[in-house]
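# Fold and geometry: a report
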Amino acid sequence: THIGYYTTINSQDKMGIPPEGFLPYPGGHLLAYDLASGVFYDLAIVLNKEGVLTMNMDTSRMIIYGITWPNGHFFRYNVQSGIMKDFGPVSQQGENGHGETYRTLCRSIGIQPETGDAWFSTSEGDIYRCGPNDEKFHLLSEDSLRKDYFGLYDPTSPGHMGYNWRQIFWHKNSKRFYGVHGNSGYLFSFDPERKSIELVERITSLP
């Protein structure tokens, strides 16, 4: 679950300041829903009392990965063991920052089925990987999303996705990810074995 109540401070969305008689937001819940019985299960609440902005699941290993809002902490939750690990912020102070500390957060995490690796981007264009047993996330040094055809962006400026991908998914036949860049609308492929980004084509309407 994500936050549904905000307070605007200096034209920036912040965690909602609760009205009198209401408690502060307790943090985003990880929920399961049984389609057969109609029963909900409350698995966990993310740390730091933030909302869950981005989430994906390695269904074979029963591991959930996510990024919180507004500070942008990356987390991993093992459904079977019930262990939650907070890896800390992915990029400065996320969407809670100001000026040099502001960064738009990634909205899509890609899961590589064979390895269980989770991949996410940053507004600077960096790509990071975290495996099911890793104690930290790792920078992909061989390539990035800082491409001329995606445009030029100031990661500290709000109002755009920066170099972040907007959506990404795994294509099992080609064993690579396909994603869309958030601002330019370019479709690209990401091969985690070759560690390379390749442009496919622009799939949005004309500028």
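A brief structural summary. As the structure is a prediction and not an experimental result, all values here were calculated from the model. (Residues numbered from 1 in each chain as written. Predicted model: local features only at pLDDT ≥ 70, side-chain atom pairs only at ≥ 80, totals over all residues. Heavy atoms only, no water.)

### Overview of the side chain of Thr-122
With respect to the helices and strands, the residue Thr-122 is situated in the loop between strand 10 (117-121) and strand 11 (127-130). The residues contacting Thr-122, other than those within four sequence positions of it, are Val-90, Ser-91, Tyr-128, Tyr-163 and Asn-164. (Helix = DSSP H or I, 4+ residues; strand = E, 2+ residues; numbered from the N terminus. Contact = heavy atoms within 4.5 Å.)

### As for the sheet that holds strand 5 (residues 51-58)
Taken together, four strands build an open sheet; the order of strands is 5-6-7-8 and the sheet is antiparallel. Looking along the sheet, the strands with just one partner apiece sit at the ends: strand 5 and strand 8 (84-89). Taking each pair of neighbouring strands and ignoring which way they run, the sheet shows an average axis angle of 20°. In terms of strand pairing, strand 7 (residues 73-78) meets strand 8 through five bridges, oriented antiparallel. Counted as the bridge partner of Phe-74 is Gly-88 from strand 8. (Pairing = 2+ DSSP bridges. Axes fitted to C-alpha atoms, helices over the stretch in contact; angles between N-to-C directions.)

### Things to note about unusual backbone geometry
Backbone torsion omega between Trp-69 and Pro-70 reads 15°, so that peptide bond is classified as cis. By secondary structure assignment, the location of Pro-70 is in the loop between strand 6 (63-69) and strand 7. If you check the backbone angles, Ser-11 has positive phi at about 65° while not being a glycine. Among the structural elements, Ser-11 can be located in the loop between strand 1 (6-9) and strand 2 (12-15). We classify Ser-11 as exposed; its relative accessible area is 76%. The phi dihedral of Asn-48 is positive, around 65°, even though this residue is not glycine. As for its position among the elements, Asn-48 is in the loop between strand 4 (40-45) and strand 5. (Buried < 20%, exposed > 50% of the residue type's maximum accessible area, 1.4 Å probe, protein only.)

### Some details on the environment of Leu-152
Here Leu-152 is to be found in the loop between strand 12 (138-139) and strand 13 (165-171). Residues Leu-152 and Asn-183, 31 residues apart in the sequence, show an inter-C-alpha distance of 10 Å.

### Quick notes on the sheet that holds strand 15 (residues 186-191)
In space, the four strands of this open sheet follow the order 13-14-15-16, with antiparallel pairing throughout. Edge positions in the open sheet fall to strand 13 and strand 16 (196-202), since each of these has one partner strand only. On average, adjacent strands in this sheet sit at an angle of 25° to one another, irrespective of strand direction. Where strand 13 and strand 14 (residues 176-181) come together, six bridges link them in antiparallel fashion. Its bridge partner being in strand 14, Phe-169 is matched across the sheet by Tyr-178.

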